[in-house]
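Residue-level structure breakdown
Each chain, letter by letter, is given below.
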Amino acid sequence: MGKAGSEIEQLRQEIDEIDKALVELLNKRASLSLRIGELKRNDSQSAVYVPDREIVVYSNIISANRGPLSDSALKSIYDVIIEESRRLQMSLYHRKR
Ligand SMILES: O=C(O)C(=O)C[C@]1(C(=O)O)C=C[C@@H](O)C=C1
């Protein structure tokens, strides 16, 4: 393997490590969302979808963004993360108490 090839291999290993950490963090986030979902389920005043809070979440991620991902790229990623977060909370409502 040439010089570029071995550097690519090394960078791929770093990507594999980061992917593992991301999966762990995404599942941690999902677990916290599920806990919020349980608290909401026990409170008839609380809705799964809280648009004002989602605006704060998006604003936090844009403030934290130092690139090279664009704000709109991060927003697309978070659209999926939050959609799945809501889906997990909804799944609690389809479960027996
Ligand atoms: O903060 C909440 O109330 C949540 O349920 C968490 C969360 C999120 O994943 O960040 C999910 C759904 C809501 O619409 C807002 C935010």
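Everything numeric in this text was worked out from a predicted model, so none of it was measured.

This part takes up a nonpolar patch on the surface. Taken together, the side chains of I18, L22 and L26 present a nonpolar region at the surface, about 270 Å² in accessible area. Considering the arrangement of structural elements, one finds I18 in helix α1 (residues 3–41).

Scanning the entire structure with this criterion turns up zero aromatic pairs. Taking NZ or CZ as reference, K75 lies 5.0 Å from the ring centre of Y58, over its face.

Turning to the packing of α1 against helix α3 (residues 71–93), a few remarks are in order. Two elements in contact, α1 and α3, have axes whose closest approach is 9 Å; the angle formed by their N-to-C orientations is 40°. Relative to α3, the element α1 lies oblique. Judged by the twist between their axes, the crossing of α1 over α3 is right-handed. Of the residues in α3, those touching α1 at L26, R29, A30, S33, L34, I36, G37, E38, K40 and R41 are Y78, I81, I82, S85, L88, Q89, L92 and Y93. A per-class count over the contact of α1 with α3 returns ten nonpolar, four polar and four charged.

What follows deals with helix α2 (residues 51–64). With 14 residues, α2 ought to run about 20 Å at 1.5 Å a step, and its terminal C-alpha atoms sit 20 Å apart, in line with that. Taken residue by residue, α2 has E54, V57, Y58 and I61 as its buried positions. Projected down its long axis, α2 shows its buried positions confined to an angular sector of 95°, all on one face. α2 presents D52, I55 and S63 as exposed residues on the side facing more than 90 degrees away from its buried surface.

Among the structural elements, R87 can be located in helix α3. Since its relative accessible area comes to 47%, R87 is described here as partly exposed. Sequence separation between R87 and V48 is 39 residues, and the spatial gap between their C-alpha atoms is 9.0 Å.

Looking now at the nonpolar core. Ranked by size, the top nonpolar core spans seven residues in total: V57, Y58, I61, L74, Y78, I81 and I82. When residues of this core are traced back to their parent elements, those giving at least two are α2 and α3. Counting residues per element, this core draws most heavily on α3, at four residues.

Criteria and cut-off values
Residues numbered from 1 in each chain as written. Predicted model: local features only at pLDDT ≥ 70, side-chain atom pairs only at ≥ 80, totals over all residues. Heavy atoms only, no water. Patch = residues over 30% accessible without salt bridge, like charges linked within 9 Å, V, L, I, M, F, W, Y side chains within 5 Å. Areas by Shrake-Rupley, 256 points an atom, 1.4 Å probe, with all protein chains shown as cover. Salt bridge = Lys/Arg side-chain N within 4 Å of Asp/Glu carboxyl O. Helix = DSSP H or I, 4+ residues; strand = E, 2+ residues; numbered from the N terminus. Phe/Tyr/Trp six-rings, centres within 6.5 Å; stacked < 30°, edge-to-face > 60°. Lys NZ or Arg CZ within 6 Å of the ring centre and 35° of its normal. Axes fitted to C-alpha atoms, helices over the stretch in contact; angles between N-to-C directions. Parallel < 35°, antiparallel > 145°, perpendicular 65-115°, else oblique. Left-handed = near helix turned anticlockwise from the far one by under 90°. Contact = heavy atoms within 4.5 Å. Nonpolar A, V, L, I, M, F, W, Y, C, P; charged D, E, K, R; others polar. Expected span 1.5 Å × (residues − 1). Buried < 20%, exposed > 50% of the residue type's maximum accessible area, 1.4 Å probe, protein only. Arc of directions from axis to C-beta. Core = buried A, V, L, I, M, F, W, Y, C linked by side-chain atoms within 4.5 Å.

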